[in-house]
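Below, each chain spelled out in residue letters.
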Amino acid sequence: MLNRIEKITSVLDKNKAEAIEVFDLQGKDYIVDYAIIASSLGPKHTLALLDHLKKDLKPEEHFNNVDESGDWVVIDLGDILIHIMTPEYRVKYDMETFLAELSKAGE
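In this report, the structure presented in the accompanying data block is examined. (Residues numbered from 1 in each chain as written. Predicted model: local features only at pLDDT ≥ 70, side-chain atom pairs only at ≥ 80, totals over all residues. Heavy atoms only, no water.)

## As for helix H4 (residues 95-104)
In step 1: By the burial criterion, the buried members of H4 are Met95, Glu96, Leu99, Leu102 and Ser103. The buried side chains of H4 occupy one side of the element, clustering within an arc of 135° when seen end-on. Facing away from the buried side of H4, by more than 90 degrees, are the exposed residues Glu101 and Lys104.
In step 2: Buried positions along H4 lie against strand E1 (18-24), strand E2 (34-39), strand E4 (72-76), strand E5 (80-85) and helix H3 (87-93). (Buried < 20%, exposed > 50% of the residue type's maximum accessible area, 1.4 Å probe, protein only. Helix = DSSP H or I, 4+ residues; strand = E, 2+ residues; numbered from the N terminus. Arc of directions from axis to C-beta. Contact = heavy atoms within 4.5 Å.)

Below, the structure is given as structure tokens:
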């Protein structure tokens, strides 16, 4: 699992995604084991990062669902969710606070 997380974050990093965060949600009451959040540089970069992930992760990874717009892309890999957002959307929806509180629940 950690190799998969490392590969995803590496692809995001080498393609100029910013503020990449990984949340370990194993054993928590959530739909996936890990969530990854990254900021893009803007709407075109958001979609470009999605293309890089598709190219670099297939065929090893199965993309169950991709919900995409220029401001926010969500990629469902089954046990990992990847969120790529513009900085404005990242501030507006503040997923970090929700995921950080969830990852600490029950500690």
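Still more ground to cover, so stick around.
## Overview of the sheet that holds strand E3 (residues 65-68)
In step 1: Reading across from one edge, E1-E2-E5-E4-E3 is the order of the five strands in this open sheet, with mixed pairing throughout. Unpaired on one side and paired on the other, E1 and E3 mark the two borders of the sheet. Mean inter-strand twist for the sheet, computed between neighbouring axes without regard to direction, equals 10°.
In step 2: Bridge count for E4 against E5 is five bridges, and the pairing is antiparallel. From the neighbouring strand, Val73 faces E5, where its bridge partner is Ile84.
In step 3: Each of E1, E2, E4 and E5 is contacted by H4, which is oriented at about 25° to E1, the strand it contacts most. (Pairing = 2+ DSSP bridges. Axes fitted to C-alpha atoms, helices over the stretch in contact; angles between N-to-C directions.)

## Overview of helix H1 (residues 2-14)
In step 1: Taking 1.5 Å of rise per residue, 13 residues should cover 18 Å, and H1 covers 18 Å from first to last C-alpha, within 8% of that figure.
In step 2: Among the residues of H1, those classed as buried are Ile5, Ile8, Thr9, Val11 and Leu12. Along the axis of H1, the buried positions cluster into a sector of 155°, meaning they face one direction only. Set apart from the buried face of H1 by more than 90 degrees, the exposed residues are Leu2, Asn3, Glu6, Asp13 and Lys14.
In step 3: Buried positions along H1 lie against E1, E2, helix H2 (43-57) and E5.
In step 4: Directly beyond the C-terminal end of H1, a positive phi value near 75° is found at Lys16. (Expected span 1.5 Å × (residues − 1).)

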